[in-house]
Amino acid sequence: MCLAIPARIVTLLDDQWVETEVGGIRSRVSIALIDPVNLGDYVIVHAGFAITRLDVEAAEKSLALFDEIAAHLKGPVDALRPRIP
Amino acid sequence: MRYVRGFRDGPAAAGLAALLAAEVDPQRQYHLMEFCGGHTHAIARYGVEDLLPPNIRLIHGPGCPVCVLAVPRLDAAIELAQRPDVTLVSYGDMLRVPASRRRSLLKARALGADVRMIYSAYEALQIAAANPDRRVVFFAIGFETTTPATAHIILEAHRLALANFSVYCNHVVTPAAILSILDSPEVREWGQVRVDGFIGPSHVSAVIGSRPYEYFAEEYQRPVVIAGFEPLDVLQAIRMLVRQLNEGRSCVENQFTRGVTSGGNAKAQGLVAEVFELRSSFEWRGLGELPYSGLRIKSAYGEFDAERRFGIEVRPVSENAACQCPGIIRGVKRPTDCALFGTACTPRNPIGSCMVSGEGACAAHFKYRRGALPTVA
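Reading the values: the criteria
- Residues numbered from 1 in each chain as written.
- Chains lettered and ligands numbered in written order.
- Predicted model: local features only at pLDDT ≥ 70, side-chain atom pairs only at ≥ 80, totals over all residues.
- Contact = placed C-beta atoms within 7 Å.
- Helix = DSSP H or I, 4+ residues; strand = E, 2+ residues; numbered from the N terminus.
- Nonpolar A, V, L, I, M, F, W, Y, C, P; charged D, E, K, R; others polar.
- Buried ≥ 20, exposed ≤ 12 C-beta atoms within 10 Å, placed from the backbone.
- Arc of directions from axis to C-beta.
- Pairing = 2+ DSSP bridges.
- Axes fitted to C-alpha atoms, helices over the stretch in contact; angles between N-to-C directions.
- Parallel < 35°, antiparallel > 145°, perpendicular 65-115°, else oblique.
- Left-handed = near helix turned anticlockwise from the far one by under 90°.

Student: Explain the interface of chain B and chain A residue by residue, including any values.
Tutor: Tallying the contact residues gives 55 residues for chain B and 41 residues for chain A. Here the side of chain B that touches chain A gets 10 residues from one element, more than from any other, and that element is helix α2 (residues 10–23) of chain B. Taken together, the residues that form the side of chain B that touches chain A break down as 32 nonpolar, 16 polar and 7 charged.

Student: Residue-level account of helix α10 (residues 174–183) of chain B, with values.
Tutor: Those residues of α10 of chain B that sit buried are T174, A177, I178, S180 and I181 of chain B. In a view along the axis of α10 of chain B, the buried residues occupy a sector of 160°, so they form one face of it.

Student: Describe the sheet that holds strand β7 (residues 197–200) of chain B, naming the residues involved and giving the relevant values.
Tutor: Residue and element names in this part refer to chain B. Ordered in space as β2-β1-β7-β8-β9, the 5 strands form an open sheet in which the pairing is parallel. What marks the edges here is a single partner per strand, and that holds for β2 (56–63) and β9 (252–254). The sheet shows a mean angle of 25° between the axes of neighbouring strands, direction not considered. The sheet contact formed by strand β1 (residues 30–36) and β7 spans 3 bridges and is parallel. Across the sheet, the residue bridging to M33 is F198, located in β7. Sheet contacts for helix α3 (residues 37–45): β1, β2 and β7; angle to β1, the most-contacted strand, approximately 120°.

Student: Hey, could you go over the packing of helix α8 (residues 121–130) of chain B against helix α9 (residues 147–160) of chain B for me, with residue numbers and the actual values?
Tutor: All names here are of chain B. Following both chains from N to C, one finds α8 and α9 inclined at 25°, their axes separated by 8 Å at the closest point. The orientation of α8 relative to α9 falls into the category roughly parallel. In this structure, the crossing between α8 and α9 has a hand that is right-handed. Contacts from A121, Y122, A124 and L125 of α8 reach α9 at A149, T150, I153, E156 and A157. For the contact of α8 with α9, the class distribution of residues is 7 nonpolar, 1 polar and 1 charged.

Student: I'd like a rundown of the sheet that holds strand β4 (residues 114–118) of chain B, residues and numbers included.
Tutor: All names here are of chain B. Pairing within the open sheet is parallel, and its 4 strands lie in the order β4-β3-β5-β6. Looking at the sheet topology across the chains shown, the edges are occupied by β4 and β6 (165–171). If you compare each strand with its neighbour and ignore which way they point, the axes differ by 25° on average. Here strand β3 (residues 86–91) pairs with β4 via 5 bridges, running parallel. Bridging from a neighbouring strand, V89 pairs with R116 of β4. The strands touched by α8 are β3, β4, β5 (135–142) and β6; relative to β5, the strand with the most contacts, the crossing angle is about 175°. Running at roughly 160° to β6, α9 makes contact with β5 and β6 of the sheet.

Student: Mind laying out unusual backbone geometry, listing which residues take part and the relevant values?
Tutor: Residues and elements named next belong to chain B. Of note in the backbone geometry, R101 takes a positive phi value of approximately 50° without being a glycine. By the secondary structure assignment, R101 is in the loop between α6 (92–96) and α7 (105–110). Residue classification places R101 among the exposed positions, given that 9 C-beta atoms sit within 10 Å. Within the chain, R102 stands out as a residue other than glycine whose phi angle is a positive 55°. Note that R102 resides in the loop between α6 and α7.

That is the geometry; function is a separate question.
Pasting the structure below:
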């Protein structure tokens, strides 16, 4: 229910609506709940509404930390095996 | 997809697991509750528990909105849907939840009621605008992630003067539920449930911020780490909790820095405050009546309140005594403690609400963990 995914804004439609893209899928998303956004921003989308902007700098920082952990501690390659891919 | 897949990296998970194994104190037990069903789902799906040292136990919390909806309120929604002039719309999971006498909104639809599934709250408005001869009721459920969208469409309905639209509001608030777990006799007196720290919700916190959790951390001496919904997020949050517990600290920390700030989304909070107010008490499935835990529509927007418009009555019902959902929602029981789990109760034919949504502890266990845990005979 509270699931939401990060999506990139590819078109600004008007002051209430944008078009977003995730993995090639485009959707119309409401930006009525958040402060003004720019083209290329990432937003976290829940049930058709952007609920916040994704802080790309913070995301990259987290990913860099995980990369470092992966590089330094060589464990089994596939520690996460989703039961359903 | 970088900001999804990047947080599901297998080698990094192995590395985090190794770091965690080195950091835990083998002399102590760590009982951590993930409040949110989104975490329950991710933990089951990616087998996060298999990566944890044996002295870390995860307890599933009540953060699954369809699971905590009180059956009498669902019964009332079904009765509303059965009125010939009403079109009832709601989110997909809600339609499958069993009400009393094994009814559900989907079964009501099969019997002729006009029940429609929506993905976004905005569709409820569109359906109302396109069907002026129908009385369209949005059966609104959910935590703080979902509430701002409901507030927005009520304001839109007001602006458009959509007289045939109303909302049956069942929105609930997260901090009240956490408080009820910490105050429950199982935790405080009986010691049945031990919760040493909380993995805090990601998207609820994107809206409300990290500040509301500071009270529990201080007052109840339980650390809270707000975590993203991907497996690396969960692993890192567990590491942060273990570190706090080892150092004897209990503060609010934020692992989900890419989505959560301390103040949260002020615009969304403003919309919610404009439209909703706290009820003095609200019934939750499994947790009972909790003070100041649910929202209702303010009288300024009372014309859009289905409870006023239709005079909805909520009557107590007796639930299936064999179903362990109430205990599972409180973290007292595990899905496999229930005799119905995987036998009479399956995702295709759920008896309890925890088996319906992917966020429900039973549905997550059934889908991903059936072979991993001992089952009852």
